[in-house]
Amino acid sequence: MKQMVKYFLSAIFVLSSIGSVTASELYPRISGNVIFRLGYDGVYEAQNPLIESNDSFGIMIASPELNFANGFSLNSEIRFETVSPPLEDRFFEGEGLFVRKLFANYDINDRLSVQVGKFTPSFALASFEIIGMYGNNYNKEIELIDRIGLGTEYMFDAGSSGQHKFNASAFFDDTSFLSDSLGSSRGMNSLEDGGASNTESLSSFTLSVEGSKIVPLPGLTYKIGFVHQAKGLDGVSDENGLALAAKRSYQINSDQSLTWVAEVAPIWSFEGTGDDIVYSSAGLIHKSGNWTSVLSGTYRRRDLASGEVFDDYSIQTSLEYDFGDGLSLGLAHEFLRDENIRSQRIGMRLSRKIELGG
């Protein structure tokens, strides 16, 4: 394990050197970033002592983009992280390397673009906007990760009514070798596994509209999304979901800002089952100089087909300090109830973000 930590820290040093090279104006050229994290999570005071654990781990999120002069680009997101929850105390174990995104993007003009490959179709907002270590602990479950398909994005300006973005995607769950991971295997997905959108056909889709820069409502961003996921082999019925979200930022003074985020997302026949589930998320993000503090929570109610109800929640408080040059340290605490079992969690993240291409 000491050797793994040594290699991890060596990779940070090497990529720091790469990131310092100034990008050329010639095409093709590389952009994007790489994020390295050293982290710790400790679960304690759990109603079920079996879920208590201490977990130390490393994370790498590399998002390189290869850009060409004609508006064409190749985009990716490569991750090295733990691929399963800890079942006991763990020290840099259970980590795998896998590809979350790998797709081509073509900007037809300043307003219209198309994507094809493995990507995350646009649906909800809160899991991307509520920051902090545990800000997306539950609402990330409705992120449409590991999907293969095609999408389009259209931007339009409505003057004082704001700038708006329309997204449409058709997709299916990844069953290729890219659904597995190197190192600790998360298991390659297959049609026999079932689940929502696991059809190997473009029978699932999302539609969303997002807007900002609305003159009467400065600092406001809204998003409305709809998702339809066709049932897999074991499915009871197709999944349908709606996401209604808003975010608004206020500049308190030259050094401070406050942002609130709110979202409600009801999902019917979640993952193709007979269960209905509702995610309700809210967050407050305060920035003051190099400090960022977050108070957020997600309530997750799941009405099971059996008649049982799970009333779950995640409440996060976090504090992060930015040292500059992409280096930051964050601490967080979480009150958690998962399938009606309560616990608490504390965490730490030391992060370094390296820009690629200068």
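Report on the accompanying structure. (Residues numbered from 1 in each chain as written. Predicted model: local features only at pLDDT ≥ 70, side-chain atom pairs only at ≥ 80, totals over all residues. Heavy atoms only, no water.)

1. Some points on empty space enclosed by the protein
Next, step 1: Applying the stated criterion to the full structure yields 1 cavity of 30 Å³ or more.
Next, step 2: Approximately 40 Å³ is the volume found for the largest cavity.
Next, step 3: Tyr134, Gly135, Asn137, Ser296, Gly297, Thr298, Ser314, Ile315 and Gln316 together form the lining of the largest cavity.
Next, step 4: Within the residue set of the lining of the largest cavity, elements represented by two or more residues are strand E15 (291-303) and strand E16 (309-324).
Next, step 5: Per-class residue counts for the lining of the largest cavity are 2 nonpolar, 7 polar and no charged. (1 Å grid on protein atoms, 1.4 Å probe; cavity = no way out; pocket = protein on both sides within 12 Å on 5 of 7 lines; lining within 4 Å. Points joined across faces, edges and corners; volume = space filled by probe spheres on them. Helix = DSSP H or I, 4+ residues; strand = E, 2+ residues; numbered from the N terminus. Nonpolar A, V, L, I, M, F, W, Y, C, P; charged D, E, K, R; others polar.)

2. Section: the packing of aromatic side chains
Next, step 1: Following the criterion strictly, the structure yields 8 aromatic pairs and no others.
Next, step 2: Measuring from ring centre to ring centre gives 6.2 Å for phenylalanine 103 and phenylalanine 119, while their planes differ by 55 degrees; the resulting arrangement is tilted. Note that phenylalanine 103 is positioned in strand E5 (residues 95-107) and phenylalanine 119 in strand E6 (residues 112-119), a separation of 16 residues in sequence. Each of the two residues, phenylalanine 103 as well as phenylalanine 119, counts as buried.
Next, step 3: Put simply, the rings of Trp291, Tyr321 and Phe323 pair up and form one aromatic cluster.
Next, step 4: Seen from the ring of phenylalanine 98, arginine 186 lies directly overhead, with NZ or CZ sitting 4.0 Å from the centre.
Next, step 5: The ring of tyrosine 138 carries arginine 300 above its face, with NZ or CZ at 3.8 Å from the centroid. (Phe/Tyr/Trp six-rings, centres within 6.5 Å; stacked < 30°, edge-to-face > 60°. Buried < 20%, exposed > 50% of the residue type's maximum accessible area, 1.4 Å probe, protein only. Lys NZ or Arg CZ within 6 Å of the ring centre and 35° of its normal.)

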